[in-house]
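Chain and residue survey
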Amino acid sequence: MAGIKSIGILTSGGDAPGMNAAIRAVTRSAIYNGFAVKGIMRGFKGLVFNEIVCSNPQSVSNIIQLGGTILKTARSRGIHHDRGRPQGGIRQHGGGGHRRSGGDRRRRIAHGRRLFAEEYNVPIVGLPGTIDNDLGGTDSTIGYDTALNTIIEAVDKLRDTASSHERLFFVEVMGHTAGYLAINSAIATGSEAAIIPEMETEVDQLAELINHGFRKSKNSAIVIVAENPKTGGATALAERVKKEFPQYDARVTILGHIQRGGSPTAVDRILASRMGEAAIEAISTDSAT
Ligand code: F6P
């Protein structure tokens, strides 16, 4: 793909802490390597509705520490259908390379990439950005470490009240269909159990784990439950436990979107910066051939 002059950058899917660090790294590396950079607002919707702005090194000043994404984001499911894709927006802006940091799934990234590559002859480099850490081929996705630390902070606080009242807490965390956030936050907080979508857990198995905790002279228990629309997550599980084991004084806390916010950790800032720079290196190498 020789002769790339301009790079468009967008964020899509659920926002993840570190996306701004990635935007900054891509923008600055691209400009350093002689590319013009354009910011595409609101994910792929920005291409459809032509919401494209020019970027310069100053546009990305003081954003490395910010959560969310300055380019806004959207799920943009429509791009997978013909009528939902841009009508010449890329060409109008002299498009060449196109770099994406987003939380949509790997399959969809590959699909989106293929669509753009085939229809517009535009290469896409995707950076893995999601708190769920559920993209194959990556050890850690941008945003995962921050979300994990947010959960740990919340669970440590819940432990104080759980132990004061001698209660059993079910804490629901995000993860889409993956249990990474649940299992690793459970390990890091010394929780009694983690319920993850990858493994079926019966209520009596769970009760055994909780009993085990109480037997070890703990007077409270915390169970981390990965969100799961199929089973009803922490709320449904707590209802069953309350019914079958009324001796426990159970409570439910759903951490929800708080897990997606906040200033990125050092791990996420560094990962995002390195990946952003690597994306431009990939495009530069491609462009030179
Ligand atoms: O993909 C990240 C994620 O936070 C998932 O963990 C969660 O299931 C989903 O997004 C929630 O999406 P929305 O913000 O669109 O409700």
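Scroll up for the structure.
Here is a short report on the structure shown in this document. For clarity, every value in this text was computed on a predicted model and none was experimentally measured.

**Focus on the site of the ligand**
- Near the ligand there are 10 residues, and of these Arg 75, Asp 132, Glu 227, His 257 and Arg 260 occur at the shortest range.
- Within the side chain of Arg 75, one N or O atom sits 2.8 Å away from an oxygen atom of the ligand.
- Contact distances for the ligand include 3.3 Å between an oxygen atom and a backbone N or O atom of Gly 175.
- Across the complex, the protein chains shield 73% of the 400 Å² of accessible surface that the ligand would expose by itself.
- Its residues placed into classes, the shell around the ligand shows one nonpolar, four polar and five charged.

**Some remarks on the sheet that holds strand β6 (residues 168-173)**
- In spatial order, the strands read β7-β8-β6-β9; together these four strands make up an open sheet with parallel pairing. In the strand order of this sheet, the two ends are held by β7 (193-195) and β9 (250-254), each with one partner. Averaged over all adjacent pairs, the angle separating strand axes in this sheet is 20°, with direction ignored.
- Relative to β9, β6 is paired through five bridges, and the arrangement is parallel. Bridged to Phe 170 within β9 is Val 252.
- Where helix α6 (residues 180-189) meets the sheet, its contacts fall on β6, β7 and β8 (221-226), and the angle it forms with β7 comes to roughly 175°.
- Along the sheet, helix α8 (residues 233-244) contacts β6, β7, β8 and β9; its crossing angle with β6, the most-contacted strand, is approximately 160°.

Conventions used here
Residues numbered from 1 in each chain as written. Predicted model: local features only at pLDDT ≥ 70, side-chain atom pairs only at ≥ 80, totals over all residues. Heavy atoms only, no water. Near = heavy atom within 4 Å. Polar contact = N/O pair within 3.5 Å; in protein donor to acceptor, adjacent residues only side chain to side chain. Areas by Shrake-Rupley, 256 points an atom, 1.4 Å probe, with all protein chains shown as cover. Nonpolar A, V, L, I, M, F, W, Y, C, P; charged D, E, K, R; others polar. Pairing = 2+ DSSP bridges. Helix = DSSP H or I, 4+ residues; strand = E, 2+ residues; numbered from the N terminus. Axes fitted to C-alpha atoms, helices over the stretch in contact; angles between N-to-C directions. Contact = heavy atoms within 4.5 Å.

Purely geometric stuff here, so don't read any function into it on its own.
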